[in-house]
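# Observations on the model geometry
Each chain is listed here by its residues.
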Amino acid sequence: MSVQARRVVAVFTSLSLLAGCATPLTRDGRIGSDDGSDSCRSQLVALDSTGNFFAEDILKGAALGAVGGALLGGAIGQNWRGAAIGAATGAAAGAAGGYLYAQQQRNKDQASLTASIAGDLERENAELDRTQLAFDQLMDCRFRQATAIRAGVANGSIDRAAGQAQMAQLRERTQREIALAETISQSVNKRGAEFDTAVETVAPGATKNVSRDTSFRNAQISRATPLRLRPDAASPEIGNVDARSAVKVRPVSANYALVETASGQRGYVPTESFANRRAIGTAPVTRTAVPGDARSLAASNIARRDNFSESVTQAKTAAASGFELAAS
């Protein structure tokens, strides 16, 4: 083996070691230890476990990009410097191309490449569903805890000073959990960039024509209605809107719309809260994912990513004012 070849091998070895050197935090390091006092612990553990899935896959994609770049750089430059340059380039592009590169190496024809990507998208969508459910259940649990503290202070079963301390602890805990969800969302979107790149290779235009309308319209609520954390009648109330209030509105489904009040508070209300439903527009239609069809699976994946990001933003906005005691 030549000196140059040995150096290239050394570069590859170093890259592999570096890819495996990052020691992730333990569960207790991420979400704290279980002292048995948190009634929402199971929901928090469920959210954290889904985050592990996305983070691990992203690291693998970056490592593939680095190794792929090193191979290319070494081939072109015929020396270890070329390999190092290629490795740096590949690592930078790993999140957007490492997955596609790996799939192309494993699947030598278009049909098997498409089928493999579609299979991965199906699994990705299933994990996103788990993540969304875990986050929704965790936030519901936290906001119900806040409601219980307020009720306890109101009926005298909790001293106001103790209630303030409990609410401050709950607020801090929830903010950390929303930050965890934001980290997961970032990982989901990085992973999504890999899928978008791969799908565009086998189904051009699949990710470019997905409706992502986030614009609001001006409208008026026709009746007093509670604002909810999520578009679900069972979701916790996080505020109220008076009848004939002017709001900004964006439909999210046939039955619910996201509104923003004049004070900037956001929440979901039933579309029947508006006298003229046509005036608020129509919710975008999400294409039904067909098993094995990369194009529809990619569109569904984008919708899931957007929905999760929106729910994290909504929870963050609600938490800014949702963990306070009522004025005495």
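Reading guide: rules and limits
Residue numbers here run from 1 along each chain, matching the order of that chain's written sequence. Thresholds applied to this predicted model are a pLDDT of at least 70 for local features of residues and 80 or more for the giving and counting of side-chain atom pairs; totals over whole chains, interfaces and linings are not thresholded and use all residues. Remark: hydrogens and water are excluded; side-chain values derive from all non-hydrogen atoms of the structure. Strands are runs of DSSP state E lasting at least two residues, helices are runs of H or I lasting at least four, and both sets are numbered from the N terminus onward. Remark: exposure states derive from per-residue accessible area (1.4 Å probe, protein chains only) relative to the maximum for the residue type, with buried under 20%, exposed over 50%, and partly exposed in between. Here a polar contact is recorded for every N or O atom pair within 3.5 Å, except that within protein the pair must consist of a potential hydrogen donor and a potential acceptor, and residues adjacent in sequence are included only if both atoms are side-chain atoms. Note on definitions: a residue-residue contact is assigned when non-hydrogen atoms from the two residues lie within 4.5 Å. One less than the residue count of a helix, multiplied by 1.5 Å, gives the span that helix is expected to have. Lining residues are those with an atom within 4 Å of a point, where the points come from a 1 Å grid over the protein atoms alone and group into cavities, where a 1.4 Å probe fits but cannot get out, or pockets, open sets with protein on both sides within 12 Å along at least five of seven lines. Grid points are joined across faces, edges and corners, and a volume is the space filled by probe spheres set on the points. Note on scores: pLDDT gives the predictor's confidence for each residue, bounded by 0 and 100.

## Details of the side chain of R228
Looking at the element boundaries, R228 is found in strand 2 (residues 225-228). Judged by relative accessible area, R228 falls into the buried class, the value being 18%. Polar side-chain contacts of R228 include one of 3.4 Å to the backbone oxygen of A233. Apart from the residues lying within four places of it in its own chain, the contact partners of R228 are A233, S235, P236, E237, I238, G267, Y268 and Q314.

## Observations regarding the environment of G239
By the element assignment, G239 lies in strand 3 (residues 237-241). The sequence separation of G239 and L227 amounts to twelve residues, and the corresponding C-alpha distance is 4.9 Å. Those residues in contact with G239 that sit more than four places away from it in its chain are P226, L227 and Q265.

## Section: helix 6 (residues 160-202)
Helix length check: helix 6 (43 residues) gives 61 Å between terminal C-alpha atoms against 63 Å at 1.5 Å per residue, within 8%. By the N-cap criterion, in which a side-chain oxygen at the helix start approaches the backbone nitrogen of a residue two or three places on, helix 6 is capped by D159, the distance to A161 being 2.9 Å.

## Brief notes about unusual backbone geometry
You will see that R244, though not glycine, has its phi angle at about 65 degrees, which is positive. Relative to the helices and strands, R244 resides in the loop between strand 3 and strand 4 (246-251).

## Here's the deal with empty space enclosed by the protein
Tallying each qualifying case throughout the model produces one cavity of 30 Å³ or more. Counted as a void, the largest cavity has a volume near 50 Å³. In terms of lining residues, the largest cavity is bounded by F135, D136, M139, L229, R230, S311, Q314 and A315. Contributing elements (two or more residues each) for the lining of the largest cavity: helix 5 (110-155) and helix 7 (294-322).

## Structural notes on the confidence of the model for the chain
Confidence along the chain averages 81 in pLDDT terms, with 78% of residues attaining 70 or more. Confidence scores differ between elements of the chain, with helix 1 (residues 3-21) showing the lowest mean pLDDT of 47 and helix 5 the highest of 94. Taken together, the stretch residues 7-20 has pLDDT below 50 and engages in twelve contacts with residues farther than four places along the chain or on a different chain. Taken together, the stretch residues 61-95 has pLDDT below 50 and engages in 49 contacts with residues farther than four places along the chain or on a different chain.

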